[in-house]
Structure formats: structure tokens, C-alpha cells
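Inside the fold
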Amino acid sequence: MAKFDLPEPELRAYRPEVSEPADFDAFWERTLEEARQTPMRVDRAAGPIDLAQVVIEDVTFPGFGGDPIKGWLLTPRGAEGPLPCVVEISGYGGGRGLAIERTLWATAGYAHLFIDSRGQGLSWGSGAHTPDPVGSGPAVPGQMTRGIHDPHEYYYRRLFTDAVRGVDAARSLPEVDPSQVFFVGTSQGGGVALAVAGLVPDLAGCAAEVPFLCHFDRAIDLTDAYPYQELVTFLKITRKPREEMLATLQYFDGVNHAKRAHAPLLMSAALMDEVCPPSTCFAAFNWYGDRSGQSDKAVEVYGYNGHEGGQAHQQMRQLEFVARLVG
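Residues numbered from 1 in each chain as written. Predicted model: local features only at pLDDT ≥ 70, side-chain atom pairs only at ≥ 80, totals over all residues. Heavy atoms only, no water.

Our next topic: the pattern of salt bridges. In the structure shown here, the tally under the stated rule is 24 salt bridges. Among the ionic pairs, R157 bridges to E34, the shortest N-O distance being 3.5 Å. Of this pair, R157 sits in helix α4 (residues 155-172) while E34 sits in helix α2 (residues 24-35), and the two are 123 residues apart along the sequence. Put simply, E244 and K240 hold a salt bridge, and the shortest N to O gap is 3.7 Å. Overlapping salt bridges, with partners in common, bring together E20, D25, K259, R260 and R291 in one network. (Salt bridge = Lys/Arg side-chain N within 4 Å of Asp/Glu carboxyl O. Helix = DSSP H or I, 4+ residues; strand = E, 2+ residues; numbered from the N terminus.)

If you look at the biggest cluster of nonpolar residues, it comprises 80 residues, and the most contacted ones within it are Y156 and F183. Looking at which element gives the most residues to this core, the answer is α4, with nine residues. Residues within four places of Y156 in sequence aside, it is in contact with W28, Y92, Q120, Q143, M144, Q188, F212, L213 and F252. Counting 10 residues, the second largest nonpolar core, distinct from the first, contains W105, F182, F321 and V322. (Core = buried A, V, L, I, M, F, W, Y, C linked by side-chain atoms within 4.5 Å. Buried < 20%, exposed > 50% of the residue type's maximum accessible area, 1.4 Å probe, protein only. Contact = heavy atoms within 4.5 Å.)

Turning our eyes to something else, we now look at the layout of surface pockets. Considered as a void within the structure, the largest pocket measures approximately 710 Å³ in volume. Together, 34 residues line the largest pocket, and E88, R102, W124, T186 and Q315 are the ones closest to its centre. Listed by contribution, the elements that provide at least two residues to the lining of the largest pocket are β4 (83-89), α3 (104-107), β5 (111-115), β6 (176-186) and α11 (312-326). With three residues, the top contributor of residues to the lining of the largest pocket is α11. Among the residues forming the lining of the largest pocket, the class breakdown is 13 nonpolar, 16 polar and five charged. Taken as a whole, the second largest pocket encloses approximately 170 Å³ of empty space. Broken down by secondary-structure element, the contributors of at least two residues to the lining of the second largest pocket are α2 and α5 (188-199). Considering every element that reaches the lining of the second largest pocket, the biggest residue donor is α2, with five residues. A breakdown of the residues in the lining of the second largest pocket according to their chemical character gives six nonpolar, two polar and three charged. (1 Å grid on protein atoms, 1.4 Å probe; cavity = no way out; pocket = protein on both sides within 12 Å on 5 of 7 lines; lining within 4 Å. Points joined across faces, edges and corners; volume = space filled by probe spheres on them. Nonpolar A, V, L, I, M, F, W, Y, C, P; charged D, E, K, R; others polar.)

In short, shape yes, function no, at least from these values alone.
Structure below.
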């Protein structure tokens, strides 16, 4: 794939006007208030294997609607708390996978809560364990159009809420320092990380790698790659007005969440990324912290990579980013 989007100098200045619902803040305040009516309780059980340096636990906590959300909790064996904690969620179609895949942060000395994406997990990776008990009307295969007729019914209202409740769950753990909770994700996980940064005003830091779910109105016209093509297919089959679909998506656009973020940010973008075009990522980055004045943000650019982005190179940047913030 050749470079197909804006040149890098234009990307670094790209701040598009992204429409925002008048009741955006009220919508999310009500959503989270309703979710938090279910008391936080983290059920903990021994993980599937004993490791010499890492303790693994199989955990469950209440997400949107009180629905049980599964996760892996990994902590350094023998460490004395309270510990900084990294909360993480997977890319589109993936799940929490196997616990042995999630040992990096614990070996670096942090608590790590890796949470499932409800109703996902069998498109790639090593599986998942959390159903989405909420149904929807007719939809394109995948999650992108489930409930898209109404923001209250839309799939990502549930997933974003699960992620915020994942932060709540981490903060409730006795071995975690509640003031040092970070959120990390790649692709879909990066888009969710931006949402969490906008919805949790005292998050310690956000790492959003090649983020999905940003600048929808550009993405659906720029790329023919999935998952954005699910939205195009929806329009193709239903012949519904584009604006009607975007009216729902505005509540979930990473640009609108990024504007409200207070936490320091590490982001990455890849200039040959067809899945999450770089201009959609830079739109979120350039607007990030606009309402709060947050200027502690950096973006790593991978000029000759596609959606794989920086991979282990970016994990190194994440480790450096979190270490700097925890001092």
C-alpha cells in the first residue's frame, strides 16, 4: 500500500470541524451515572497457570447495565502495593485471549487489568469469554452498525461504559493506587482509550495506538477497508441518509472525546494505514485536550507501516511513557 492520505506536514496541522451533539456531555453523564448504580464488585479467582514472577487472576466486574465483564488481572509476584495499574482492551474482533499473552506490564512492575470486549473475541487472537446480552435489529456483520438507529442502543455505548467501569474496577482493588490508573489500547482499543480519557477526568495517562473510531465522516469516504466498510455497507443496503447515521456516531467519535481529555497522551499513527487512515488519527490527536488545555501529548509516526503500526517498538514507547508519569 502506498501513502494515500495527506502529507505528514498537513496531518500535523489537520484539525477538522467534527459535528458534536448539543447533549453530548449530558448523554454520557446519564450513561455513566446509570452504570454506577450497580455497586462495583470485582470477583477474583485463581488464573489458569502459576508463573514464577507474575500472579494471574481471572476477574469479573459489572459493566454497562451491570452485565458481567471478564478480564485478566496480572500483578508482580511479591510486590508491595499500592501499584500503578494499566487497564487495556483489545482491537476490533479480539478479546482478552490467554492470560500468558498479557504479562508485559506485570513484569515491568505494574498491575495490569486486561478486559474483554463484550460480544467480540473470535475474529482473531486466542478467544474471549464475555457475551453481549443486548440484542439489536438487523445489522451488518460485526459490531459497527448494531443499534446504530439510536445512540442509546448503539453497541459502543455499552463498550465505552464497560471500559470506564474497568477503570472503576481497577481503582477498587486494594493493591492498586487509584490515582495512578492508565488506559492503553490499539486500533479499536485506541479509540476506546480516547473515549475513556474524555470520560474519566482524573485518568493518569492514555496510550492510544493507531486509533479506530475517529473522524467517522472522513473515514467512510476515504477507505474501503473494514471495519469502516461496515458503515458503508449499511448505507448501501438501507439507502438511509448519511447524516442520520452520523448523528449517532457523533456521540462516539474519538475526536469529540479527545477534546475533553485531561490525561497526558501517547498516540501513534501509521502513514500507510488503510484500516485507520492517518488523518483520522491526527484529527483526534490535534484536538486532544482542547477543552482542558492538556498539552502533554506526543505522537509517534510510522511512515512505512500499515495498521500494524509500531508493534513492539511502540510498546517500548508505552513503557517509557508510563514510567515517566509514575516517576
